[in-house]
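Residue-level structural notes
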Amino acid sequence: MNTHYRACNLCEAICGLVIEHENGQVKSIRGDKDDPFSRGHLCPKALALGDVHHDVDRLRAPLKKVDGKFVEVSWEEAFTDIGARMRAIRRQHGADAIGFTQGNPVLHNLGASIYCQTILPWALGTRSRFSSVSVDNLPRMVVSRWMYGNQTVIAVPDLDRSQFFLVLGANPLASNGSLMTAPDLAKRLKALRARGGKLIIIDPRRTETADVADEHHFIRPGRDALFLLGIVHTLFAEGLTKPEKLAVAVRGVDTVKTLAAKWSPERVAPLTGIDAETTKRLARSLATVEGAVVYGRMGISTQAFGALATWLIDVINVLTGQLDAPGGAMFTTPAVDLVGIATRMGQPGSFDAYRSRVRALPEFNGELPIVTLAEEIETPGPGQVRALLVTAHNPVLSAPNGPRVDAALQKLELMVAVDPYLNETTRHAHYVLPPTSALEREHYDIALHAYGVRNTSRWNQPLFTPQPGALDDWQIFLRLAAETFSSSLIRSIVRTLGAIVTPRRIVDVLLRLGPHPLTVKKLEQHPHGIDLGALEPRLKTLAPKGIELAPPALISDVTRLEDHVSNARAVPPPNAVAPGGSGQLELIGRRDLRSNNSWLHNSPRLVKGPVRCTLLMHPTDASARGLENGQRVTVRAAKGTAEVPLEISDEVMPGVVSLPHGWGHDRAGIRLSVAQRHAGTSVNDVTNEDLIDALCGTAALNGVSVEVAHIASPT
Ligand SMILES: Nc1nc2c(c(=O)[nH]1)N[C@H]1C(S)=C(S)[C@@H](COP(=O)(O)OP(=O)(O)OC[C@H]3O[C@@H](n4cnc5c(=O)[nH]c(N)nc54)[C@H](O)[C@@H]3O)O[C@H]1N2
Ligand SMILES: Nc1nc2c(c(=O)[nH]1)N[C@H]1C(S)=C(S)[C@@H](COP(=O)(O)OP(=O)(O)OC[C@H]3O[C@@H](n4cnc5c(=O)[nH]c(N)nc54)[C@H](O)[C@@H]3O)O[C@H]1N2
Ligand code: SF4
Ligand SMILES: [Mo]
């Protein structure tokens, strides 16, 4: 039996694992007690690493679609044909005709994350780039750009020292944390409470995290900005602001004060559902408890006012003087410090440098919002997307109005998917190019160490040797990049980069440039990872020009909020349902510990047990509609419909229903034999591309207006 140590690459917690293996077979996976960061923690998903590696459905060779059926072909045949077709399309229609989209697993894949941000976009030279960022953390990054001058400057809760942790729209006990790398959140939150700290959850659902909190308050979906304005109002009204505590200048405090004056807790209470006294009490604690911090994630990011809510969270952390202070919201000092490098280079990132062709939505970081993908493929004219490279992305399930994306992909002249599975999206490809499995490659979490609640570092060797000829994602991207050039000389020069620009070499250079004296060699001597200490103040380095508390775009977006509010109703009484049960409900998402976005449902151990893709509804809403637990219901929204089993529970607030994402594996032509038997329904059949945060183009996945009814019996 051999023992291997590595980080789990499935979620942002980056737990250290001990993997025992023999003759190429994973025998056991345990938490690594010697990992200084995760201290032995793991969740049920870790075992799926072995399941994915051994999965018979996982592709091992390139597939080409011939007469509607996939056949295995050699890598050489695939690259040669793809290259010729890409060059022809580019010659005839220009660079923007070849699109590129990347999904979540790129973040967890060292080689892919480097190449998807550098060589591939450089070679493609296309504006038609998309990713999952615009269904995720885009508001967070745009706000950082405006406030701190760099889109990657993001503070994380200094969780291990916090004494007051106010969480909006995140459920770390299910998600294991996001933009807050913190393995074993259950233990960390328990420790917070054991030392007298308080955990407060603001969420339309009483989540797993709310269950272990001191307080939970329901909030109407999409109303977080109003609640947060109520807090900011209180801070000013009661003289609790102290931005002067920060190490850098804060501009725009008076502008924010004037703005917040209009939003008293009393005014917003009927809109949010959180009473004024609670808002004031929370504001006072945030200002007076040393080590208090506000944190928000998916629930506040992917909604109609996601950028405003994200901004107001930082406004509060600044006004209370808790930004960059121990126990507050702090900045990581990681061994690979791309944030620090970008700041030193004065590289803010980009936003609205150009707009999308069809709907004129703003670019972010060289990418267009994913809500524009289908229309950019469907709409004729110069720049129409005719070919698409899709990597680690399943937008048919993960982007709003999945059915429209599904149909649009059908229309492509060329679709190339770099993905280990034939799934709802990749089934439309002309070629599917499968990379090595995670256990066959080197690993370093560049992005996730950079947002850790401690400074840590860890390099992992591959566990298994790949099959001869197998390629890592980055090697596939390099070859695809090379193939875009019309000159065969340049093609061969670009290909030689693979010997020089290896992920290992890049990490080694970045480690040497970083704030901790490290090399890959040194890290190799510490397979459990190393601890580089608690977070230290670093605002002066990361925001040398100070903080812009009142970015003009956000200040003017408050007008949009004002308009929205003047048209909105107050919180409806719990049983406000129209006769016949046709009242509107607000749909939100949720995550489950045993699921990971759209791609782990082929692991038998993760899908066994109770059905997880259910619609949660409050008992009063269910009885008003005459609905019973377990029955199948129709969820109808402006553009789509889905059928799901109903789960009646008072964990959601009245007027709100919740459905998880990543399901819907009942489409034809996929090769996911286990997932097909546990298909579930895709919530993104119901969400749609018109529901966005108009300021930045992020999808509003939460707060979707729906009707829920009996499935009409056939007549
Ligand atoms: N097990 C598991 N872990 C995961 C993933 C997974 O699919 N499964 N996905 C990973 C990914 S890609 C990400 S980005 C992270 C996300 O990590 P989190 O941000 O923690 O994600 P969620 O669990 O979706 O939590 C979002 C919460 O927002 C609430 N919510 C919805 N609408 C609103 C609203 O308008 N206001 C407020 N205040 N709350 C609202 C929901 O009820 C939910 O509890 O998780 C990562 N980890
Ligand atoms: N309604 C609703 N929609 C959502 C969300 C929500 O909360 N609600 N969450 C959103 C969020 S935060 C995110 S991040 C997205 C996630 O959704 P996506 O970005 O689509 O990502 P995944 O579903 O995790 O995986 C996509 C693909 O990556 C492949 N894959 C796995 N590992 C690798 C690898 O190493 N290399 C390659 N090349 N491919 C790999 C899988 O086979 C799968 O096909 O979903 C978003 N969609
Ligand atoms: S919490 Fe995340 S990183 Fe840790 S074992 Fe589970 S999936 Fe892997
Ligand atoms: Mo995400």
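Quick summary incoming for the structure in this document. Note that the structure is a prediction, hence the values are computed from the model and not measured.

How each quantity is defined
Residues numbered from 1 in each chain as written. Chains lettered and ligands numbered in written order. Predicted model: local features only at pLDDT ≥ 70, side-chain atom pairs only at ≥ 80, totals over all residues. Heavy atoms only, no water. Near = heavy atom within 4 Å. Nonpolar A, V, L, I, M, F, W, Y, C, P; charged D, E, K, R; others polar. Pairing = 2+ DSSP bridges. Helix = DSSP H or I, 4+ residues; strand = E, 2+ residues; numbered from the N terminus. Axes fitted to C-alpha atoms, helices over the stretch in contact; angles between N-to-C directions. Contact = heavy atoms within 4.5 Å. 1 Å grid on protein atoms, 1.4 Å probe; cavity = no way out; pocket = protein on both sides within 12 Å on 5 of 7 lines; lining within 4 Å. Points joined across faces, edges and corners; volume = space filled by probe spheres on them.

1. Topic: the site of ligand 3
- Inspection of the region around ligand 3 gives Cys8, Leu10, Cys11, Ala13, Ile14, Cys15, Leu42, Cys43, Lys45, Ala46 and Asn176 as its neighbouring residues.
- Taken together, the residues that form the shell around ligand 3 break down as 9 nonpolar, 1 polar and 1 charged.

2. Brief notes about the sheet that holds strand β2 (residues 16-22)
- Pairing is antiparallel in the open sheet, where 3 strands are placed in the order β1-β2-β3. A single partner strand is all that each edge strand has here, and the edge strands are β1 (2-7) and β3 (25-31). Ignoring which end each strand starts from, the neighbouring axes of this sheet average 30° apart.
- Here β1 runs beside β2; their pairing, made up of 6 bridges, is antiparallel.

3. As for the sheet that holds strand β6 (residues 98-102)
- The strand order across the open sheet built from 7 strands is β5-β4-β19-β18-β17-β6-β7, with neighbouring strands paired in mixed fashion. The strands lining the two open edges of the sheet, one partner per strand, are β5 (69-72) and β7 (129-131). Strand-to-strand twist across the sheet, computed as the mean angle between neighbouring axes with direction ignored, equals 20°.
- Here strand β4 (residues 63-66) runs beside strand β19 (residues 431-433); their pairing, made up of 2 bridges, is antiparallel. Residue pairing in the sheet places Lys64 in a bridge with Tyr431 of β19.
- Against the sheet, helix α2 (residues 75-93) engages β4, β6, β17 (387-391), β18 (414-418) and β19, with an angle of about 125° to β19.
- Each of β17, β18 and β19 is contacted by helix α20 (residues 473-483), which is oriented at about 155° to β18, the strand it contacts most.

4. Remarks on empty space enclosed by the protein
- According to the stated counting rule, one finds 7 cavities of 30 Å³ or more in the structure shown.
- Within this model, the second largest cavity holds a volume of roughly 190 Å³.
- Lining the second largest cavity are 18 residues, with Arg140, Ala155, Tyr295, Gly296 and Asp314 sitting closest to its centre.
- Where the lining of the second largest cavity is concerned, the elements lending two or more residues are β8 (156-157), β13 (292-296), α13 (298-301) and α14 (306-319).
- When its residues are assigned to classes, the lining of the second largest cavity shows 11 nonpolar, 4 polar and 3 charged.

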